[in-house]
There are 4 protein chains.
Amino acid sequence: MNDIQFSDCTKACMSCSLACTSCANACLKEENLEMMRECIQRCLDCADICQLCARMQQKESPFVKEICELCAKACEYCADECSQHEHQHCQQCADACRECAAEC
Amino acid sequence: MNDIQFSDCTKACMSCSLACTSCANACLKEENLEMMRECIQRCLDCADICQLCARMQQKESPFVKEICELCAKACEYCADECSQHEHQHCQQCADACRECAAEC
Amino acid sequence: MNDIQFSDCTKACMSCSLACTSCANACLKEENLEMMRECIQRCLDCADICQLCARMQQKESPFVKEICELCAKACEYCADECSQHEHQHCQQCADACRECAAEC
Amino acid sequence: MNDIQFSDCTKACMSCSLACTSCANACLKEENLEMMRECIQRCLDCADICQLCARMQQKESPFVKEICELCAKACEYCADECSQHEHQHCQQCADACRECAAEC
């Protein structure tokens with residue numbers, strides 16, 4: 001990795017966005033797909049919001065505070081669902097969401 | 001940071017996308033703004049393409065190869081411009097672009 | 001709607017991106033979810049690529065040609081799957097994809 | 001255009017996102033670039049937020065209300081700046097922002 005330093009919050013948002021994208025994708029391939037509906041939907045939402053949140057921080061947007069608050073909510077909401085599933089990708093995604101919510 | 005592992009290419013795309021966003025934002029505040037027109041435009045393009053590229057990798061998209069090739073081109077194109085400016089953000093962005101182009 | 005004019009291609013990309021997002025969301029709620037796995041995945045891919053394609057056109061990016069070619073491929077690929085499902089959202093999404101592919 | 005119907009709010013968000021992207025791009029080419037710094041920055045912010053807002057509506061996200069409120073704020077903030085510039089792209093962008101703010 002290069003030398004650019006991002007804030008812990010930006011890094012948490014980046015990681016969470018990609019973890020959620022990855023989890024939604026993995027959920028779509030699970031045998032018990034019926035049980036994963038809610039998880040997929042929350043992951044897709046959270047991925048988009050975290051992605052915007054990381055970007056807004058780099059832009060020093062005047063709306064960083066609002067988007068961070070929304071991001072924390074979306075992360076908690078996603079973690080609540082992901083943490084109920086035993087798949088490793090869900091557990092890892094729940095961890096990424098909790099960390100991102102804490103940073104935001 | 002949590003335990004989720006992303007590939008070196010995904011990490012390079014994430015970093016490059018945010019470095020480009022950050023560089024465009026910093027360029028907009030420079031005194032010699034006239035000279036930064038091209039840099040801002042290339043950074044904004046590169047930021048969007050890298051962001052999509054990282055996401056497509058997490059989705060295991062069948063179009064990963066095509067988007068990676070396009071991403072490498074956009075990174076080289078952005079680095080060619082950024083590397084000509086002495087601002088630290090431009091030099092760091094050029095490095096991030098070169099690394100991302102190499103990974104892609 | 002206001003007076004700003006977008007090109008037919010930009011409008012087709014916008015519409016297709018949102019139709020794909022909407023179709024993926026509706027698929028997630030269908031009873032025969034097992035059969036919709038592939039459709040959801042292709043719609044999510046196509047939504048992201050179309051969204052970028054519309055944006056790159058507005059930016060007059062030097063990479064418009066490449067992203068349009070990729071967009072046309074993703075649209076055809078999504079339409080091939082969507083058109084096989086009888087749900088109205090799938091049929092409408094397939095139409096939006098075919099139109100976007102033609103414009104690109 | 002195909003037969004898919006989007007809500008007036010979704011259409012306003014789509015149009016505004018692309019109008020802002022287009023305006024930022026046109027501003028970067030203006031002679032009086034010094035005066036356009038703030039306009040470019042606000043347009044780039046507004047473009048990203050409107051794009052997310054349109055998408056969240058198609059996903060029937062539980063966070064639609066929050067993102068719409070944020071979107072309305074970003075649109076007003078962008079319109080306040082754009083409306084002060086005589087360039088046609090700025091005036092059209094200001095109109096798109098005001099309309100999007102009203103719909104949201």
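Above this text sits the structure in question.
Residues numbered from 1 in each chain as written. Chains lettered and ligands numbered in written order. Predicted model: local features only at pLDDT ≥ 70, side-chain atom pairs only at ≥ 80, totals over all residues. Heavy atoms only, no water.

This next bit is on the interface of chain A and chain C. Interfaces are often sized by the accessible area lost when the parts come together. Contact with chain A, which involves 12 residues of that partner, is made by 12 residues of chain C. When the two sides are added together, the surface that chain A and chain C hide from each other amounts to roughly 1,100 Å², 54% of it contributed by carbon and sulfur. Of all residues in chain A, Leu28(A), Leu33(A) and Arg37(A) bury the most surface against chain C, accounting for 51% of the area lost on that side. At the junction of chain A and chain C, the tally comes to zero salt bridges. Our enumeration of links across chain A and chain C arrives at six residue pairs in polar contact (both at pLDDT 80 or more). If one sorts the elements of the side of chain A that touches chain C by residue count, helix H2 (residues 37–58) of chain A sits on top with five residues. (Contact = heavy atoms within 4.5 Å. Buried area = accessible area lost by both parts, 1.4 Å probe. Salt bridge = Lys/Arg side-chain N within 4 Å of Asp/Glu carboxyl O. Polar contact = N/O pair within 3.5 Å; in protein donor to acceptor, adjacent residues only side chain to side chain. Helix = DSSP H or I, 4+ residues; strand = E, 2+ residues; numbered from the N terminus.)

Moving on, we come to the relation of the copies chain A and chain C. Mapping chain A onto chain C calls for a screw motion: a turn of 180° about the axis and a shift of 0.0 Å along it, with 0.0 Å RMSD after fitting. Here the copies are linked by what is in effect a two-fold axis. With an isologous cut-off of 70% or more, the 100% of interface residues of chain A that recur at the interface of chain C puts this contact in the isologous class. (Least-squares fit on C-alpha atoms with pLDDT ≥ 70 in both.)

Another aspect to go through is the interface of chain C and chain D. Contacts between the two partners involve 27 residues from chain C, matched on the other side by 28 residues from chain D. Across the chain C/chain D interface, buried area totals approximately 2,600 Å², and carbon plus sulfur atoms make up 57% of it. At the boundary of chain C with chain D, the tally comes to four salt bridges. The partner of Asp48(D) in a salt bridge is Arg55(C), and the shortest N-O contact between them spans 2.5 Å. Counting every contact that joins chain C to chain D gives eight residue pairs in polar contact (both at pLDDT 80 or more). Every element with two or more residues in the side of chain C that touches chain D is listed here: helix H1 (8–27), helix H2 (37–58) and helix H4 (88–103) of chain C. Within the side of chain C that touches chain D, the residues separate by chemical class into 11 nonpolar, nine polar and seven charged. (Nonpolar A, V, L, I, M, F, W, Y, C, P; charged D, E, K, R; others polar.)

Residues and elements named next belong to chain A. Running from N to C, helix H3 (residues 64–82) and helix H4 (residues 88–103) cross one another at 155°; their axes reach a closest spacing of 8 Å. Here H4 runs roughly antiparallel to H3, going by the angle between their axes. Classified by chirality, the crossing of H4 by H3 is left-handed. Within the contact between the two elements, H3 uses Cys71, Ala72, Cys75, Glu76, Cys78, Ala79, Asp80 and Cys82 and H4 uses Cys90, Gln91, Cys93, Ala94, Cys97, Arg98, Cys100 and Ala101. Counted by class, the contact of H3 with H4 contains 12 nonpolar, one polar and three charged residues. (Axes fitted to C-alpha atoms, helices over the stretch in contact; angles between N-to-C directions. Parallel < 35°, antiparallel > 145°, perpendicular 65-115°, else oblique. Left-handed = near helix turned anticlockwise from the far one by under 90°.)

Residues and elements named next belong to chain D. Between helix H1 (residues 8–27) and helix H4 (residues 88–103), the shortest axis-to-axis distance is 8 Å and the interhelical angle comes to 155°. Between H1 and H4, the interaxial angle falls into the category roughly antiparallel. With respect to the hand of their crossing, H1 and H4 are arranged in left-handed fashion. On H4, the residues that touch Asp8, Cys9, Ala12, Cys13, Cys16, Ala19, Cys20, Cys23, Ala26 and Cys27 of H1 are His89, Cys90, Cys93, Ala96, Cys97, Cys100 and Glu103. Classifying every residue of the contact of H1 with H4 by side-chain character gives 14 nonpolar, one polar and two charged.

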